[in-house]
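Remarks on the overall topology
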Amino acid sequence: MKEKIISYFEIEKLNTTVKREVLAGFTTFISMAYILFVNPTVLGASGMDEGAVFTATALASALGCILMGILARYPIATAPALGINAFFSYSVCVGMGIPWETALAGVFVASLIFILITVFKLRELIIDAIPADLKYAISGGIGLFIAFLGLSEGGIIVANEATLVALGPLNIGTTWLTIFGLIVTAILLVRRVPGGIFIGMAATTILGLVTGMIQMPDKLVSSAPSLKPTFLVALKHVGDIHSIQLWVVVLTFLLVTFFDTAGTLVGLANQAGFMKDNKMPRVGKALAADSTAMLAGSLLGTSPVGAYVESSAGIAVGGRSGLTAVTTGLLFIVGLFFSPLLSVVTSQVTAPALIVVGVLMAQSLSQIKWKEMEIAIPSFLILLGMPLTYSISDGIALGFIFYPITMIAAKRGKEVSPIMYALFFVFIGFMWILNVK
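Per an unreviewed UniProt entry, the recorded name for the protein chain is Guanine permease, and the organism is Enterococcus termitis. In UniProt, the protein chain has this text filed under Subcellular location (unreviewed entry): "Cell membrane". Here is the UniProt Sequence similarities (unreviewed entry) comment for the protein chain, exactly as written: "Belongs to the nucleobase:cation symporter-2 (NCS2) (TC 2.A.40) family. Azg-like subfamily."

**What to know about a positive patch on the surface**
A contiguous patch of positive charge on the surface is contributed by Lys 13, Lys 276, Arg 282 and Lys 285. Within the fold, Lys 285 resides in helix H13 (residues 283–300).

**Quick look at the packing of helix H9 (residues 173–190) against helix H16 (residues 347–362)**
Two elements in contact, H9 and H16, have axes whose closest approach is 8 Å; the angle formed by their N-to-C orientations is 40 degrees. Relative to H16, the element H9 lies oblique. As H9 runs across H16, the sense of the crossing is right-handed. Touching Thr 174, Leu 177, Thr 178, Gly 181, Leu 182, Thr 185 and Leu 189 of H9 are Gln 348, Ala 351, Pro 352, Ile 355 and Val 356, all from H16. Looking at the contact of H9 with H16 residue by residue, the classes come out as seven nonpolar, five polar and no charged.

**Some words on the pattern of salt bridges**
Considering all chains together, one arrives at five salt bridges under this definition. Residues Arg 412 and Glu 372 are paired through a salt bridge, measuring 3.0 Å at the closest nitrogen-oxygen approach. Linking Arg 412 in the loop between helix H18 (392–409) and helix H19 (418–434) with Glu 372 in the loop between H16 and helix H17 (373–389), this pair joins segments that are 40 residues apart in sequence. On the basis of relative accessible area, Glu 372 is assigned to the partly exposed category, the value being 28%. With a shortest N-O distance of 2.6 Å, Arg 412 and Glu 374 are connected by a salt bridge. One end of the pair, Arg 412, is in the loop between H18 and H19; the other, Glu 374, is in helix H17, with 38 residues separating them in the sequence. Accessibility classification places Arg 412 together with Glu 374 in one group, the buried group. Salt bridges sharing partners connect three or more residues here, namely Glu 372, Glu 374, Arg 412 and Glu 415.

**Section: unusual backbone geometry**
Even without being glycine, Glu 10 reaches a positive phi, approximately 50 degrees. Mapped onto the secondary structure, Glu 10 falls in the loop between helix H1 (2–8) and helix H2 (18–32). In this model, Asn 15 sits at a positive phi of 60 degrees, which is unusual for a non-glycine residue. Its relative accessible area of 64% is what places Asn 15 among the exposed residues.

**Some remarks on the packing of helix H4 (residues 50–72) against H13**
Where H4 contacts H13, the axes come no closer than 9 Å and their chain directions differ by 160 degrees. Taken together, the axis directions place H4 and H13 in an arrangement best described as roughly antiparallel. With respect to the hand of their crossing, H4 and H13 are arranged in right-handed fashion. Contacts between H4 and H13 involve Ala 56, Leu 59, Ala 60, Leu 63, Gly 64, Leu 67, Met 68, Leu 71 and Ala 72 from the former and Lys 285, Ala 286, Ala 289, Thr 292, Ala 293, Ala 296, Gly 297 and Leu 300 from the latter. The class makeup of the residues in the contact of H4 with H13 is 13 nonpolar, three polar and one charged.

**Description of H2**
The end-to-end C-alpha separation of H2 is 21 Å, in line with the 21 Å expected for 15 residues at 1.5 Å each. When we look at burial in H2, the residues that qualify are Glu 21, Ala 24, Gly 25, Thr 27, Thr 28, Phe 29, Ile 30, Ser 31 and Met 32. Where H2 is buried, its residues meet helix H3 (35–44), strand S1 (78–80), helix H10 (196–211), helix H14 (311–316) and helix H15 (322–335).

**So, the confidence of the model for the protein chain**
Looking at the protein chain, the pLDDT average stands at 86 and 96% of residues meet or exceed 70. No element of the protein chain has a lower mean pLDDT than helix H7 (residues 122–129), at 73, and none a higher one than H4, at 94.

About the thresholds
Residues numbered from 1 in each chain as written. Predicted model: local features only at pLDDT ≥ 70, side-chain atom pairs only at ≥ 80, totals over all residues. Heavy atoms only, no water. UniProt positions renumbered as here; feature names shortened; annotations may be inferred. Patch = residues over 30% accessible without salt bridge, like charges linked within 9 Å, V, L, I, M, F, W, Y side chains within 5 Å. Areas by Shrake-Rupley, 256 points an atom, 1.4 Å probe, with all protein chains shown as cover. Salt bridge = Lys/Arg side-chain N within 4 Å of Asp/Glu carboxyl O. Lys, Arg positive; Asp, Glu negative; His and termini not counted. Charge placed at Lys NZ, Arg CZ, Asp CG, Glu CD. Helix = DSSP H or I, 4+ residues; strand = E, 2+ residues; numbered from the N terminus. Axes fitted to C-alpha atoms, helices over the stretch in contact; angles between N-to-C directions. Parallel < 35°, antiparallel > 145°, perpendicular 65-115°, else oblique. Left-handed = near helix turned anticlockwise from the far one by under 90°. Contact = heavy atoms within 4.5 Å. Nonpolar A, V, L, I, M, F, W, Y, C, P; charged D, E, K, R; others polar. Buried < 20%, exposed > 50% of the residue type's maximum accessible area, 1.4 Å probe, protein only. Expected span 1.5 Å × (residues − 1). pLDDT = per-residue confidence, 0-100.

Following this line, the structure appears as structure tokens:
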């Protein structure tokens, strides 16, 4: 069996070992295990059952990782993506007043479209058509949005009638719990400690338990929570998608997941040294893996699944083959039996994780050509638009609308692809539809 594993994953060809790959898989898992607890909290704001979301998150993550490892043979892990889950809860369900059942159906329809455009290789064509600078801006903008969400949930930033937002009161214990978690996590990341985000969450939880700000759970291990509240709900509510507004939501799920995953895949492939002639080998299989995981996740009961930037932790310790991703997937299955920890993972525990993940995602901003105003303006509108409008889709729309305008003004209109001109009109319609009363 070991020889077959070595042969299939080309362990020797990649100059690695089974032990190193397994260690890399474990490193990736502890770096992104926070999603098991963050995702239920975020999606819970939409009214979804947090226990069911926990199980759906673990199973969808496991499936995506295993498919990525076996089909594409990349050391890249997948899980429900941060940012798009916030869009699901706060923009679609809370902001638009759409029931979570209908929103989940929207994810299901988007995943079907995802699979179709992957099969016909349209996904690769669209990736090539969108300027790299806008891709970097989308990733960075989502990072700012996630960080803003974390600062708000942790009590560090609060609403203010005079200035819209302000620094939160520092005489509240739970706010200091968030600050403690942020300091610990920041130190661990600076020191490049594997699993720094997860360890930071654990340290914050322990302090909360010791000080009484978090209640101790009755037990630590139990059977996985039932999927019944969310299982196949998406399929049952596909008929609810009957308005232009809901189709815009489907399109947004598609676009945001599309850009986030594509950017992450390319970035991780660069880190691992897989890119050849500016192209990613086996990218079709990688896209097929995350598309299938997204479809399965919608049926199980979670927001879109995508590639995770935390895979860089496993790659950093030597992970180079699909065995790394398979190991991570198997560990997600083991994680199913720790659902009682949900009660101790409060918003103050997850807030630091959201903030530092925002930092990680914002690193892409260094790649934008800021000195070229025709690039800088639409990129900046995407970047700032997401947190200030509290909507990922609105931020993308602002940038995609201004991009053709600024490029034409710079007499570079011929450099704008037909697809980008088409997206200009799509997002004009998108903004109009969302604002029709």
